[in-house]
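# Results of the structural survey
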Amino acid sequence: MRVAAFLLLGKVFGAFKEMAVAWRYGISDVVDAYQFTLVMASWLPVTIVGALSVVLIPVLVQVRKTARPARARFLGELLGMVLLGGLALAVVLYVVWPWVLRWAGGALPAHVQDMSGHLMLAFAPAALLTLLTGLNAARLRAHERHINTLLDSVPAVAILVLVLAAGTGADLGPLLWGTLLGYIIQAVWLLALANRADGVRARPRIGLESPYWTGIMAAAGVMLVGQVAMSFVGPIDQYTAANLGANANATIGYATRLLSLLLGVGAASVGRAALPVLADIQSRGDPVHARNTALRWSVFMLAAGAAVTVAGWLLAPWGVALLFERGAFTAADTQAVAHVVRWGLLQMPFYFGVLILVQLLASQGRYRVMAGIAVANFLAKAVMNQVLAPAMGPAGIMLATAVMYLVSYCCYVLAAARPVAPTARESA
């Protein structure tokens, strides 16, 4: 419930930001450039954070019970490796971005590609800050402290403030500087909170001397395979939308952000809270209780997602109009986005249902199974995009996502239903 409350507050700030962007930019080339750059530049940092979080949180649950010097050494080495990897990632992103534009954004107009290049002044450093934020969020979640969920809205608040302060116009400045400033504030704030929660001031150290690294690298490698496969979903959607015609990226972007409000408040709150709890149950040697708890919650979340889908289908035009229809965002834009939102709602039951099962398998250390399911999801999404998008336009992209989560849910139910003895758990 705490996570849900924080998510709700965060999503409110995010909704205000989207309202401001819609008021100032509407469905336009600037939003096309911003949406394309946001998804394509953030997919790899977010992927790495997702893989590391799943692997690290069960370890961090154990680390919090150790002596202070051992805890400080491990956390310092974690911080040092994240800073080193994040800096390298930021440089690589900035250098390869012209090739990314030519390959994935070749169908975008030249001036939109130019705007995307300028936005990388913010999104390249944001790659480093995303890794740092992810590490410290995992540290907090290991203590079952979820203030990081509220602080996820800091970049949105920074963009909101700068967009409103800049008044009218369609220049990139508020989006660029708001993104960079927001990520910096969020990263510094979370580092301070994580240090306080752990009771140590983590100082960056380069090295892998702590005994807690044993098994982490191999497990992270397996998880990264699955996360990379799933992370291609965003770029595939942007690539597909870019080839559907002008402003398809913007339409998908508005629909996705509205759907994220629903996805985040309900499902993500349970998903974020569940992993440290299930990991604690597993560490106490009670895997049957963990499995039964996860399966019960999965059924409940599936039913909740179905109810959200029905209500959302009826209210989609009203919701889009309430959030976006002002300034440059017209009634015709509302109809276009609401149509896409309705098809996107079909993913809700399966997305809601699968999140708790993901946390169960992570707490059991079944990373190879998770990676295999992620690859299957990616293949389903890639095929469905090619089949549905040409026939249905942006709505087909959303329907393909629903098919992907249906495949994911079926696979996770089958995997979770199989009992796993503590001695037979995968160590990855």
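Residues numbered from 1 in each chain as written. Predicted model: local features only at pLDDT ≥ 70, side-chain atom pairs only at ≥ 80, totals over all residues. Heavy atoms only, no water.

## Some details on the overall build of the chain
Per the secondary structure count, the chain includes 15 helices and zero strands. Here the chain, with 428 residues, has 56% of them falling under the buried criterion. Within the chain, contacts between residues at least 6 apart in sequence are counted, and of these 88% link residues at least 24 apart. (Helix = DSSP H or I, 4+ residues; strand = E, 2+ residues; numbered from the N terminus. Buried < 20%, exposed > 50% of the residue type's maximum accessible area, 1.4 Å probe, protein only. Contact = heavy atoms within 4.5 Å.)

## Describing a nonpolar patch on the surface
A contiguous nonpolar patch, built from Leu-87, Val-91, Val-92, Val-95, Val-96 and Trp-99 and spanning about 560 Å² of accessible area, is present on the exposed surface. Residue placement: Val-92 occurs in helix H3 (residues 68-104). (Patch = residues over 30% accessible without salt bridge, like charges linked within 9 Å, V, L, I, M, F, W, Y side chains within 5 Å. Areas by Shrake-Rupley, 256 points an atom, 1.4 Å probe, with all protein chains shown as cover. Salt bridge = Lys/Arg side-chain N within 4 Å of Asp/Glu carboxyl O.)

## Observations concerning the packing of helix H14 (residues 367-392) against helix H15 (residues 394-417)
At their nearest, the axes of H14 and H15 sit 7 Å apart, and the two run at 155 degrees to each other. By the angle between their directions, the pair H14 and H15 is classed as roughly antiparallel. Note on packing geometry: the crossing formed by H14 with H15 is right-handed. Class assignment of the residues belonging to the contact of H14 with H15 gives a composition of 19 nonpolar, five polar and one charged. (Axes fitted to C-alpha atoms, helices over the stretch in contact; angles between N-to-C directions. Parallel < 35°, antiparallel > 145°, perpendicular 65-115°, else oblique. Left-handed = near helix turned anticlockwise from the far one by under 90°. Nonpolar A, V, L, I, M, F, W, Y, C, P; charged D, E, K, R; others polar.)

## Topic: the packing of aromatic side chains
Taken as a whole and assessed by the stated rule, the structure comprises nine aromatic pairs. Considering the side-chain rings of Tyr-34 and Phe-123, the 6.0 Å spacing of their centres and the 50 degrees angle between planes classify their relative orientation as tilted. Within this pair, whereas Tyr-34 is found in helix H2 (residues 29-63), its partner Phe-123 is found in helix H4 (residues 110-142), the two being separated by 89 residues in sequence. Assigned by exposure class, Tyr-34 and Phe-123 land together as buried. Seen in terms of ring centroids, Phe-324 and Phe-329 are 5.5 Å apart; in terms of plane orientation they differ by 40 degrees. Their pairing is tilted. (Phe/Tyr/Trp six-rings, centres within 6.5 Å; stacked < 30°, edge-to-face > 60°.)

## Section: the side chain of Thr-240
When you line up the elements, Thr-240 lands in helix H9 (residues 233-242). Thr-240 sits in the buried class, given a relative accessible area of 9%. From its side chain, Thr-240 meets the backbone oxygen of Ile-236 in a polar contact 2.7 Å long. A polar contact of 3.3 Å, which involves the side chain of Thr-240, links it to the side chain of Asn-385. Those residues in contact with Thr-240 that lie beyond four places of it in its chain are Asn-385, Gln-386, Ala-389 and Ile-397. (Polar contact = N/O pair within 3.5 Å; in protein donor to acceptor, adjacent residues only side chain to side chain.)

## With respect to the nonpolar core
If you look at soluble globular proteins, the nonpolar side chains tend to sit buried side by side. With 114 residues, the main nonpolar core has Phe-74, Tyr-254 and Val-341 as its most contacted residues. Ranked by the residues each element gives to this core, the list is headed by H2, at 16 residues. What Val-341 contacts, discounting residues up to four positions off in sequence, is Ala-255, Leu-258, Leu-259, Ala-316 and Val-320. Core analysis: the second largest hydrophobic core is formed by seven residues, Leu-140, Val-154, Leu-193 and Ala-194 among them. (Core = buried A, V, L, I, M, F, W, Y, C linked by side-chain atoms within 4.5 Å.)

## Looking at the environment of Trp-23
Within the secondary structure layout, Trp-23 lies in helix H1 (residues 2-25). Taking the C-alpha atoms as reference points, Trp-23 and Phe-329, 306 residues apart in sequence, are found 6.1 Å from one another.

## Focus: H9
Extensive coverage of H9 is indicated by the burial of eight of its 10 residues. For H9, the full list of buried residues reads Val-233, Pro-235, Ile-236, Asp-237, Gln-238, Thr-240, Ala-241 and Ala-242.

## Examining the packing of H2 against H3
Viewed as axis vectors pointing N to C, H2 and H3 meet at an angle of 160 degrees, and their least axial separation amounts to 9 Å. Taken together, the axes of H2 and H3 are roughly antiparallel relative to one another. The crossing of H2 and H3 is right-handed. Here Phe-36, Thr-37, Met-40, Ala-41, Leu-44, Pro-45, Ile-48, Leu-56, Val-59, Leu-60 and Val-63 of H2 lie close against H3, whose contacting residues are Arg-71, Phe-74, Leu-75, Leu-78, Leu-89, Leu-93, Trp-97, Val-100, Leu-101, Trp-103 and Ala-104. Residue composition of the contact of H2 with H3, by class: 20 nonpolar, one polar and one charged.

## Side note on the environment of Leu-84
Tracing the backbone through its elements, the reader meets Leu-84 in helix H3. Note: C-alpha distance between Leu-84 and Leu-128 (44 residues apart in sequence) is 8.8 Å.

## Some remarks on the pattern of salt bridges
Tallied over the full model, the rule gives four salt bridges. Ionic pairing is found between Glu-209 and Arg-73, a salt bridge with its closest N-O pair at 2.7 Å. Separated by 136 residues along the polypeptide, Glu-209 in the loop between helix H7 (173-198) and helix H8 (216-231) and Arg-73 in helix H3 bring together distant segments of the chain. For Arg-73, a relative accessible area of 30% gives the class partly exposed. The salt bridge partner of Arg-139 is Asp-198, with a shortest N-O separation of 2.7 Å. You can see Arg-139 sitting in helix H4 and its partner Asp-198 sitting in helix H7, a full 59 residues away along the chain. Salt bridges sharing common partners tie together Arg-73, Glu-77 and Glu-209.

## Quick notes on empty space enclosed by the protein
The probe, sized like a water molecule, is rolled over the atoms to show the empty space still left. In this structure the tally under the stated criterion is two cavities of 30 Å³ or more. The volume enclosed by the second largest cavity comes to roughly 40 Å³. Considering the residues around the second largest cavity, the lining is formed by Val-49, Leu-52, Ser-53, Leu-56, Leu-131, Gly-134, Leu-135 and Ala-138. Elements with a contribution of two residues or more to the lining of the second largest cavity: H2 and H4. (1 Å grid on protein atoms, 1.4 Å probe; cavity = no way out; pocket = protein on both sides within 12 Å on 5 of 7 lines; lining within 4 Å. Points joined across faces, edges and corners; volume = space filled by probe spheres on them.)

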